[in-house]
Amino acid sequence: MCATCHVYVVEDPAGALPPPTPDEDALLDGTAAERRPNSRLSCQLPASDGVILQLPDRQT
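What counts and what doesn't
- Residues numbered from 1 in each chain as written.
- Predicted model: local features only at pLDDT ≥ 70, side-chain atom pairs only at ≥ 80, totals over all residues.
- Heavy atoms only, no water.
- Helix = DSSP H or I, 4+ residues; strand = E, 2+ residues; numbered from the N terminus.
- Rg over C-alpha atoms; globule rule 2.2 N^0.38 Å.
- Buried < 20%, exposed > 50% of the residue type's maximum accessible area, 1.4 Å probe, protein only.
- Contact = heavy atoms within 4.5 Å.
- Polar contact = N/O pair within 3.5 Å; in protein donor to acceptor, adjacent residues only side chain to side chain.

Details of the overall build of the chain
Counting secondary structure elements, the chain contains one helix and three strands. Starting at the N terminus and ending at the C terminus, the chain contains elements arranged as β-α-β-β. Its C-alpha radius of gyration of 11 Å places the chain within 12% of the 10 Å reference for a compact globule of 60 residues. The principal-axis extents of the C-alpha atoms in the chain amount to approximately 30 × 25 × 15 Å. Burial analysis of the chain (60 residues in total) assigns 27% to the buried set.

See the structure below:
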């Protein structure tokens, strides 16, 4: 329940990432960096080929 693994999904070419769960969605409301439409918590994402993630400027 920390949201310090906040990332931005830059590319998901195969559409392999599942949608955020309600819990993930709620945690994303409390991130230190700006929440964007492509915000996700990396701890909730399966490893997927071709997915590109970007780290926000700050996590805490």
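So much for the structure itself; the text now carries on.
A look at the environment of Tyr8
Mapped onto the elements of the fold, Tyr8 is located in strand S1 (residues 6-11). Given the relative accessible area of 3%, Tyr8 is considered buried. Non-local contacts of Tyr8, meaning those with residues more than four positions away in its chain, are made with Ala33, Glu34, Arg36, Asn38, Ser39, Ile52, Leu53, Gln54 and Pro56. A polar side-chain atom of Tyr8 sits 2.6 Å from the main-chain carbonyl oxygen of Glu34.

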